[in-house]
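Topology and contacts: notes
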Amino acid sequence: MHRTETFVREAERWSAHNYAPLPVVIERGESCWVWDVDGNKFLDMLSAYSALNQGHRHPAIVGALKEQADKLTLTSRAFHNDRMGTFLKALAEAAGFTRALPMNTGAEAVETAIKAARKWGYKVKGVAEDRAEIIVCENNFHGRTTTIVGFSSEDQYRDGFGPFAPGFKLIPHGDLEALEAAITADTVGFLVEPIQGEGGIVVPPDGFLARAHEICRANRVLLLNDEIQTGLGRTGRMFCGDWDGTRGDILIVGKALGGGVYPVSAILANDEVMDVFHPGDHGSTFGGNPLGAAVGLASLEVILNEGLADRAEQLGTWFMDRLRQFNSPHVKEVRGRGLMIGVEIRPESGMARPFCEALKERGVLCNDTHHHTIRIAPPLVIERETLEASLPIFEEVLSPSVVA
Ligand SMILES: *Cc1c(COP(=O)(O)O)cnc(C)c1O
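Here's what I pulled together on the structure shown here. (Residues numbered from 1 in each chain as written. Predicted model: local features only at pLDDT ≥ 70, side-chain atom pairs only at ≥ 80, totals over all residues. Heavy atoms only, no water.)

1. Quick look at the pairing of strand S4 (residues 99–103)
To keep it simple, the criterion reads: For every residue, the accessible area (1.4 Å probe, protein chains only) is compared with the maximum for its type, and the residue is labelled buried under 20%, exposed over 50%, or partly exposed between those bounds. Here a helix means four or more residues in a row that DSSP labels H or I, a strand means two or more in a row labelled E, and each is numbered from the N terminus. Any two strands between which DSSP finds at least two bridges are classified as paired.
A large share of S4 lies buried, amounting to four of its five residues. Inspection of the sheet shows S4 paired to strand S10 (residues 265–269) by five bridges, in the antiparallel sense. Bridge assignment links Pro102 to a residue of S10, and that residue is Ala266.

2. A short note on the side chain of Arg375
The cut-off we apply is this: Two N or O atoms count as a polar contact when they lie within 3.5 Å, although within protein this holds only if one can serve as hydrogen donor and the other as acceptor, and sequence-adjacent residues are included solely when both atoms are side-chain atoms. A contact between two residues is defined here by any heavy atoms of the two lying within 4.5 Å.
The topology assignment puts Arg375 in strand S15 (residues 373–376). For Arg375, a relative accessible area of 1% corresponds to the buried category. A distance of 2.7 Å separates polar atoms of two side chains, one belonging to Arg375 and the other to Glu198. For Arg375, the side chain forms a polar contact with the side chain of Gln229, separated by 2.8 Å. Excluding residues that lie within four positions of it along the chain, Arg375 makes contacts with Met45, Leu46, Tyr49, Gly197, Glu198, Ile201, Gln229, Ile341, Cys366, Asn367, Asp368 and Thr369.

3. Details of the pattern of salt bridges
As a reminder of what qualifies: Take a side-chain nitrogen of Lys or Arg and a carboxyl oxygen of Asp or Glu: if they are within 4 Å of each other, that pair is a salt bridge.
Taken as a whole and judged by the stated rule, the model has 20 salt bridges. Notably, a salt bridge pairs Asp242 with Arg247, separated by 2.7 Å at the nearest N-O pair.

4. Quick word on the sheet that holds strand S13 (residues 364–365)
Strand pairing in a sheet takes place through backbone hydrogen bonds and is either antiparallel or parallel in direction. The sheet built from four strands is open, its strands ordered S1-S2-S3-S13 with mixed pairing. In this open sheet, the two edge strands, each paired with only one partner strand, are strand S1 (26–30) and S13. Sheet topology note: the strand S2 (residues 33–36)/strand S3 (residues 41–44) ladder contains three bridges and is antiparallel. When the sheet's bridge partners are listed, Trp33 is paired in S3 with Leu43.

Next up, the structure:
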């Protein structure tokens, strides 16, 4: 019997069934490659939802982890540590904000942004107590906490988890008129993904974020820019908002900030917003810990020093072009930016999942997002030749006969 089956059976027996992974059991990774327990080699074209922009086990990041692990791993924020300030300085300077607040997971950073926006609304803008509203987009994905799923438009994310927190208003993604119409005197924030990732790689019209930020400014509303998936080089710019010349008033980062080895997230803002936090207002036992700070700094440096945003732009533009040339009867659209690419399958051709299974059989790991879209998001360190070698596999799987 293949070892894969044994591991899958064990995991299925002992874990909660809140995921339906492809039946591949990975035991080793390096750069954009992974190996399973039966010795098969795969090209990782998911990158853990863009948490592995730097590739698996980047030596500089693993080196920083090991070095720090031998010195100090955790202090809690009850004491200072000698790593956090250096990391936050580098992050704030790279992002162009005056302050950063470190957390661990993406959802925690989104929660932090919501708290910051609300408190700014009450203390600075002057919104009456408990009236603050935050506008969000249909088809959003910002994480899995009860507050966040409460403003999801995806029934499954909400079903069975209510009652939910009030104070959120949904508008269509990319719709400036709807944004303008939804704003009231009580609006404190507009929370948005510059490209919707889990929503199916949905790219808004050019200039959307720039115009949205102008509308926000004119109405004293904060733009909360969730770049947990799109940030840190993925879309061909350091941050996806750079395509529109704005990073928002609160920038939310996570995923690749931990280089695929450790959960590190943060929000970035300028003093007017960040100064709403006073000792005791907010916190996290692990947020800003020295191990995460060392990993975060190394992860950021790899993105910058290796020019990964430029790579993503060049390779992504070229790769999307090649995918569009297939003329597959199954493909409705190829879209994306940089190396954040979605291949939407026509409704007549069914779900994206069987295509991902067929790709897996041929050594390429992708996953489906929003039912009908194959997500292609390899580590940004991938070589052009490696990408090129994957094209015939995509062409075969998308050809008329492979997936019925
Ligand atoms: C993944 C993701 C999150 C949540 O991050 P977690 O680390 O899974 O909590 C939030 N927003 C966006 C846009 C994401 O892609």
